[in-house]
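What follows is the residue order along each chain.
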Amino acid sequence: MRQFSADYLRDTRRGMWDDREALADLELDSRERVLDVGCGTGELSRVLAEETSGEVIGADADRDLLAVAREQADIETVASDALRLPFPDDCFDLVVCQALLINLPDPAAAVREFRRVSSDLVAAVEPDNGGVSVESTVESEDGLAARARRAYLRGVETDVTLGGKGTRGAFREAGLSDVTTRQHYHSRTVEPPYAERDLRSARRKASGEGLADDRATLLAGDLSVAEYDDLRSDWREMGREVVEQMSAGEYRRAEVVPFYVTVGSV
Ligand SMILES: C[S@@+](CC[C@H](N)C(=O)[O-])C[C@H]1O[C@@H](n2cnc3c(N)ncnc32)[C@H](O)[C@@H]1O
């Protein structure tokens, strides 16, 4: 199972649900009992708890992330595998996940389990990581990000481009009906004054650490070791330029991740 740090989840979800229109089909104002599967640090659970007067429970296989979710989102949590939820049939009126299915080898099996414990709706908020776009004041950054992303997508074992189309397929396979999908673009910008997380991320680019974390996945595709070393060297040079521009207060970066909110009825 892929591991995620609490810092990574907080940083990447920052501002994601400032605009909640794409969650309309979850009918949150009428929900009584909601389960957020693969809740991590509870970034979505907190939004669910704000939008419904009902109870929200978070489930995840990672106990450390659940401890953060309890504190941060103020919800009840359960340590559990998404494919074997420790609940009887029909005991929630909404079962939802965010960025979980892209991490599972068999997304439809998880959706079937969500369907079992839901009496009404199942929903999934999943990105298409093949459709991420980056614009940066460092000229080489968007091209390098695309090069690294292509290599990652070829090496990763699960479908991280699942988005709306793949999720709808999993919902149909699981026997859900009235399936709807809404797009939700999550934009993240880096600009002065820089937050500590932005400075940390720039240092990781300059040292090549960030890319090195994904070395095994990058090499599992068709990237050779020499091509990986070449990519890492270009990446570090780009990172040094990011650090320089930041020192001068001139660095700006915008990233857009397309997410898809899919909802089906049991
Ligand atoms: C990308 S994170 C998303 C976390 C959170 N939903 C969010 O959007 O910030 C994926 C989460 O799924 C959890 N996870 C992965 N495989 C799981 C499984 N088989 N059962 C339960 N949780 C799982 C991970 O521990 C992690 O917290």
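Residues numbered from 1 in each chain as written. Predicted model: local features only at pLDDT ≥ 70, side-chain atom pairs only at ≥ 80, totals over all residues. Heavy atoms only, no water.

For the protein, an unreviewed UniProt entry supplies the name Class I SAM-dependent methyltransferase and the organism Halorussus aquaticus.

Draft legend 1. Focus on the site of the ligand. If you check the shell around the ligand, you find 20 residues, and the closest are Arg13, Gly38, Asp60, Ala82 and Gln98. A distance of 2.9 Å separates an oxygen atom of the ligand from a polar side-chain atom of Arg13. Here Ala82 contributes a backbone N or O atom positioned 2.8 Å from a nitrogen atom of the ligand. Bound to the protein, the ligand loses 96% of the 600 Å² it would expose on its own. For the shell around the ligand, the per-class residue count stands at 10 nonpolar, five polar and five charged. (Near = heavy atom within 4 Å. Polar contact = N/O pair within 3.5 Å; in protein donor to acceptor, adjacent residues only side chain to side chain. Areas by Shrake-Rupley, 256 points an atom, 1.4 Å probe, with all protein chains shown as cover. Nonpolar A, V, L, I, M, F, W, Y, C, P; charged D, E, K, R; others polar.)

Draft legend 2. Just the UniProt feature "domain: Methyltransferase" (unreviewed entry) in the protein, in detail. Sequence positions flagged by UniProt for "domain: Methyltransferase" (unreviewed entry) are, in local numbering, residues 34–117. The span residues 34–117 is 37% helix and 25% strand, and its two end C-alpha atoms sit 10 Å from each other. (UniProt positions renumbered as here; feature names shortened; annotations may be inferred. Helix = DSSP H or I, 4+ residues; strand = E, 2+ residues; numbered from the N terminus.)

Draft legend 3. Spatial organisation of the pattern of salt bridges. Inspection of every chain in the model, using the stated rule, returns 23 salt bridges. One salt bridge connects Arg31 with Glu27, and the closest N-O pair in it is separated by 3.1 Å. Of the charged contacts, one joins Arg147 and Asp234 as a salt bridge, the two residues approaching to 3.2 Å between their closest N and O atoms. Separated by 87 residues along the polypeptide, Arg147 in helix H5 (residues 141–155) and Asp234 in helix H10 (residues 225–247) bring together distant segments of the chain. (Salt bridge = Lys/Arg side-chain N within 4 Å of Asp/Glu carboxyl O.)

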